[in-house]
Structures are given as structure tokens and as C-alpha cells.
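These are the residues of each chain, in order.
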Amino acid sequence: MSNPCILCVAITGSLPTKENNPAVPITVAEQIESTQEAFEAGATIAHCHVRNDDQTPSSDPEKFAALKEGLEKHCPGLIVQLSTGGRSGAGKTRGGMLPLSPDMASLSVGSNNFPTRVYENPPDLVDWLASEMLTYGVKPEIEAFDLSHIHQAVAMQKDGRLKGPLHIQFVMGVKNAMPVDRDTFEYYIRTVKRLAPDATWCGAGIGRFQATLNEWSIELGGHTRTGMEDNVRLDKTTLAPSNAALVKKAADLCEKYERPVATWQQAREILGLPLRAA
């Protein structure tokens, strides 16, 4: 047993609602409770969004601050990763929480199609978000929806806009973006190893493809993401009762491939993050 696997849980996202699954956590208190259960099940990164009371997405820094404080209190050692995604706000409002200095934040370095719109990440905004992450000591998670995003992240590291080593997440299964394709996935891995050999990588699948990407990532030596942001079902006919249940499903795959689930200490070491008091 070697090569620990980091399990990231994306607890709520911007889109799923309680109408989709009553277990989707919306309020800050619900998110803290759901994340604590997922942490106890083996997740060591929490990818976080915040919501308004009507379940719509928000980029309110005060909500992020309350969530971050609660997670650090109830899940000591957990890596808190805040989202700068485009569904929650526009322009620089997307980075309004970065002065909170979370451990990590997501960063999309290029644009692509989404199911009903263009996910816009113009170069000037990408550069500003990256500079804020440098200023506040936040490690970016590069969300790669396309091969060009891997190349762009490497170029940004080389010219100093990003601090390495990179952590790159391959997102597959978004309608109108990169489909779930094994050859493409393996080419992504080879590309990262060739261009950024010190980088770490993670796989995330959307909807019914979550389990597929979990398995491919664990099998091929990477890390993986699960959680209700991406998928609200345990299987085709069963709603997930919790984020923890989805984490357990990924942890079971780690056992299948004889990879230990990373502890929070191991996850921080692998990602080059400072240890914090347990």
C-alpha cells in the first residue's frame, strides 16, 4: 500500500438544490455539518461554494468567512478550498474571498462551453485572480476543462504568474465541454507529466460519470473529487444520502486498487501546504 489518494469533496456547488436531493447542504451550518461527516469518511479537501437563502449561488465574502471559520473549527487539518467559479458572480467579485487566505482556491485559466452558456474566463480576469492568490498565499487548483487549460497553466507557472508545483484537476463530462473519454484522460496525464513533472493531478466527473472518473483517477495514481456539487446520486436509482456516502464510495475504490486514503497530514504534504494544528 503506497501512493496515498487525496479525496476532495465538492459539497454543494452552485446548481444542485434540495428539490434535486434533500440532502444537498445549502446554509453555512448545513455545509459545515455535511463537510464534517465527509471529513470523517476520508475527504481531506473541501471545495466550497456559498448560497443565498433562496438556494441561488453567492460570492459573498462574509458567507465564505463564516464557512471557512466553521470548517477549521470542526474539521481540524482539513484543506479548505474556496471556489472562484463563474456561476457565483461576475468579474472581480469572483475573487472577493481570496483575502481570507484559504489553503486553496479553484482557478479556471481559460474559457469553454457549458450546457447553456459560455464559461467565460478572460485573460485579464485570470491574471488578476492568479495575482490575488499569490498575494494572499493561496494555492490554486487549476480546473482544466480543455487541453489548452493545461498548457496555459504551465505557461503561467513558467512566467511567474502561478507558483508551482501545480495542482491540476481534469473536469470531464460537462455537456458541450470535454467528454468522458479514457484515451483523452490518459493523454491529459501524460501531458501534465511531460510539461510539469512535479505537478499533482486530480480527476472529476460530472453526474453519472463521477464514479468513472473516481475509478480512473485512483487506478492511474492520481487524486479524485466527489460530492454533491457534481452528482446527487449514489447510483442510477438512489439519491445520495450525504456527501459522506459519496466519499465512502470513492474510499472503497481506493481499497480496491490498494491505495490508502490520504490523511489530512499526508494531503498537506503532497500538496506542499503547511501543517496546521489538529
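This is a predicted model, so every value here is computed, not measured.

K.L.:
Explanation requested: the pattern of salt bridges in the structure shown.
P.N.:
When the charged atoms of two side chains with opposite charge come close together, those side chains can pair. Counting across every chain of the model gives 12 salt bridges. A salt bridge links Arg 182 to Glu 186, with the nearest nitrogen and oxygen atoms 2.5 Å apart. Of this pair, Arg 182 and Glu 186 both sit in helix H5 (residues 182-195), 4 residues apart, roughly one helical turn. In this structure, Asp 252 and Lys 248 form a salt bridge, with 3.1 Å as the shortest nitrogen-oxygen distance. Linking Asp 252 with Lys 248, this pair stays in helix H7 (residues 243-256), spanning 4 residues, or about one helical turn. Classification of Asp 252 as partly exposed rests on a relative accessible area of 39%. What you see here is one network of salt bridges that share partners, running through Glu 143, Arg 225, Glu 229 and Asp 230.

K.L.:
So what exactly am I meant to see when it comes to the packing of aromatic side chains here?
P.N.:
What characterises a pair of aromatic rings is the spacing of the ring centres plus the angle enclosed by the ring planes. Overall, the coordinates contain 8 aromatic pairs when judged by the stated rule. With a centroid separation of 5.1 Å and an interplanar angle of 50 degrees, the aromatic rings of Phe 170 and Tyr 188 are classed as tilted. Of the two residues, Phe 170 sits in strand E10 (residues 167-172) while Tyr 188 sits in helix H5, which places them 18 residues apart along the sequence. You'll find Phe 170 and Tyr 188 in the same group, each marked buried. Relative accessible area serves as the criterion here: at 0%, Phe 170 is assigned to the buried category. One aromatic cluster is present, formed by Phe 170, Phe 185, Tyr 188, Trp 201 and Trp 216 through successive ring pairs.

K.L.:
Just checking my understanding: could you explain the environment of Pro 122 for this structure?
P.N.:
Note that Pro 122 resides in the loop between strand E8 (118-119) and helix H3 (123-135). In this structure Pro 122 comes out as partly exposed when scored by relative accessible area, which is 32%. When the C-alpha atoms of Pro 122 and Ser 111 are compared, they prove to be 7.0 Å apart, with 11 residues separating the residues in sequence.

K.L.:
Sorry if this is basic, but what is going on with H3 here?
P.N.:
Along an α-helix, residues three or four apart share an orientation, since each turn contains 3.6 residues. An ideal rise of 1.5 Å per residue puts 18 Å on 13 residues; H3 measures up with 18 Å between its terminal C-alpha atoms. Within the span of H3, buried status applies to Leu 125, Val 126, Trp 128, Leu 129, Ala 130, Glu 132 and Met 133. Where the residues of H3 are buried, they touch strand E6 (104-107), strand E9 (139-144) and helix H4 (147-158). Of the residues flanking the end of H3, it is Gly 137, one or two places downstream, whose phi is positive at about 65 degrees.

K.L.:
When you look at the environment of Glu 258 in this model, what are you seeing that I'm missing?
P.N.:
Note that Glu 258 resides in the loop between H7 and helix H8 (264-271). Under the relative-accessibility criterion, Glu 258 is labelled exposed at 57%. Along the primary structure Glu 258 and Val 109 are separated by 149 residues, whereas in three dimensions their C-alpha atoms are 34 Å apart.

K.L.:
Even after reading the chapter, I still don't get unusual backbone geometry, so can you show me in this structure?
P.N.:
Following Gly 164, the chain continues into Pro 165 via a peptide bond in cis, with omega recorded as -5 degrees. Looking at the element boundaries, Pro 165 is found in the loop between H4 and E10. One non-glycine residue with positive phi stands out, namely Glu 258, at about 55 degrees.

K.L.:
Where do I start with the sheet that holds E9 in this structure?
P.N.:
Sheet strands line up and pair through hydrogen bonds in the backbone, either parallel or antiparallel. If you walk around this closed barrel you meet the 8 strands as E1-E2-E5-E6-E9-E10-E11-E12, and the pairing is parallel. Within the sheet, the average angular offset between the axes of one strand and its neighbour, ignoring direction, is 25 degrees. Across 3 bridges, strand E1 (residues 7-10) lies against strand E12 (residues 223-226) in parallel orientation. Each bridged residue has a counterpart across the sheet, and for Cys 8 the counterpart in E12 is Arg 225.

K.L.:
Even after reading the chapter, I still don't get the pairing of E10, so can you show me in this structure?
P.N.:
Regular strands show a simple pattern: their side chains alternate between the two faces of the sheet. Where burial is concerned, most of E10 is hidden: 6 out of the 6 residues are buried. Burial along E10 is two-sided: His 167, Gln 169 and Val 171 facing one way and Ile 168, Phe 170 and Met 172 facing the other are all buried. Relative to E10, E9 runs parallel, the two sharing 3 bridges. When the bridges of E10 are listed, Ile 142 appears paired with Ile 168. The β-α-β motif built from E9, the intervening H4 and the parallel element E10 has right-handed crossover chirality. Of the pairings in the sheet, the one linking E10 to strand E11 (residues 200-205) comprises 6 bridges and is parallel in character. From the neighbouring strand, Gln 169 faces E11, where its bridge partner is Cys 202. Regarding topology, H5 serves as the crossover connection from E10 to the parallel E11, and that connection is right-handed.

Basis of the calculations
Residues numbered from 1 in each chain as written. Predicted model: local features only at pLDDT ≥ 70, side-chain atom pairs only at ≥ 80, totals over all residues. Heavy atoms only, no water. Salt bridge = Lys/Arg side-chain N within 4 Å of Asp/Glu carboxyl O. Helix = DSSP H or I, 4+ residues; strand = E, 2+ residues; numbered from the N terminus. Buried < 20%, exposed > 50% of the residue type's maximum accessible area, 1.4 Å probe, protein only. Phe/Tyr/Trp six-rings, centres within 6.5 Å; stacked < 30°, edge-to-face > 60°. Expected span 1.5 Å × (residues − 1). Contact = heavy atoms within 4.5 Å. Pairing = 2+ DSSP bridges. Axes fitted to C-alpha atoms, helices over the stretch in contact; angles between N-to-C directions. Right-handed = clockwise from strand over helix to strand, strands pointing away.

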